[in-house]
Amino acid sequence: MKIIIAVPTSSHFYLMKKFALDLMELRLVFDKFFPETKFIYSEYAWIEDARNTIWHKAKKESPDCILWTDSDMTFTPKMGLQLVGHIKQGYDFVSSLYFAGAEPHMPLIYKSNEYGVTYYNDYPRDKNFFEIEACGFGMCIQSKKVLEKLEDYPFNRVGNEFSPLFNQLGEDLSFCKKAKEAGFKIHCDSSITPGHLR
């Protein structure tokens, strides 16, 4: 199985020590189980540019899936393996459950509301796997089908500064909207709980 591990960073942001250690451990495990794994890093001032550059490079590699992790996340190799397991089971887009680093620490998974999307605070506690409307890209995975169906540069912000908060979509929620419009379902595995350093 060919996997791309995507790590976007912004030019003003440095790699945190805990993230760097976790990434090294993830690489050791993935190199063992998935020798075709490749890492793609990209640094730009704007996160959407970094993500778009990685997406474009990943499409040229034709991987089976792309696993995203942001440079302010903490995780274990098992979490990455669990996400890959969902792709093997036939799911196309799965997120972990993580929370905003700043108070009030909202879950960075989303459900529909009258403005578009809102935080999914009342996500199901009685099951670990459920459908969502959108997610942050701190730690999530997409299948080859998503990579093939969406355009080369799908991470573009939507809305303007005068829009209601969730009507102005960031690059990650904008991507999710495009994926949903293309017919893909997005799921969350709430048993995968990476940390968020900021």
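**Description of the confidence of the model for the protein chain**
Put simply, the protein chain has an average pLDDT of 88, and 90% of its residues get 70 or more. Here residues 159-167 is modelled with pLDDT under 50, and outside its nearest four sequence neighbours on either side it reaches 13 contacts, counting other chains as well.

**Overview of the sheet that holds strand 7 (residues 116-119)**
Taken in spatial order, the 3 strands of this open sheet run 7-6-9, and their pairing is antiparallel. Edge strands, defined here as strands with exactly one partner in the open sheet, are strand 7 and strand 9 (134-135). Where strand 6 (residues 109-113) lies against strand 9, 2 bridges are found, and the strand directions are antiparallel. Looking at the pairing, Ile-109 lines up with Cys-135 of strand 9.

**Here we look at the packing of aromatic side chains**
A full pass over the atoms with the stated rule returns 16 aromatic pairs. Relative to Phe-175, the ring of Trp-55 has its centre 5.1 Å away and its plane inclined at 75 degrees; by these criteria the two rings are edge-to-face. Linking Trp-55 in helix 2 (residues 47-61) with Phe-175 in helix 5 (residues 171-181), this pair joins segments that are 120 residues apart in sequence. Classification of Phe-175 as buried rests on a relative accessible area of 0%. When the ring of Trp-68 is compared with that of Phe-155, the centres are 5.4 Å apart and the planes differ by 70 degrees; the resulting orientation is edge-to-face. Within this pair, whereas Trp-68 is found in strand 3 (residues 65-69), its partner Phe-155 is found in the loop between helix 4 (144-149) and helix 5, the two being separated by 87 residues in sequence. Take Trp-68: its relative accessible area is 0%, and that puts it in the buried class. For Phe-155, a relative accessible area of 0% gives the class buried. Every member of this aromatic cluster is reached through a ring pair, and the members are Trp-55, Trp-68, Phe-93, Phe-137, Phe-155 and Phe-175. Taking the ring centre of Tyr-123 as reference, the NZ or CZ of Arg-125 above it sits at 3.6 Å.

Rules and cut-offs
- Residues numbered from 1 in each chain as written.
- Predicted model: local features only at pLDDT ≥ 70, side-chain atom pairs only at ≥ 80, totals over all residues.
- Heavy atoms only, no water.
- pLDDT = per-residue confidence, 0-100.
- Contact = heavy atoms within 4.5 Å.
- Pairing = 2+ DSSP bridges.
- Helix = DSSP H or I, 4+ residues; strand = E, 2+ residues; numbered from the N terminus.
- Phe/Tyr/Trp six-rings, centres within 6.5 Å; stacked < 30°, edge-to-face > 60°.
- Buried < 20%, exposed > 50% of the residue type's maximum accessible area, 1.4 Å probe, protein only.
- Lys NZ or Arg CZ within 6 Å of the ring centre and 35° of its normal.

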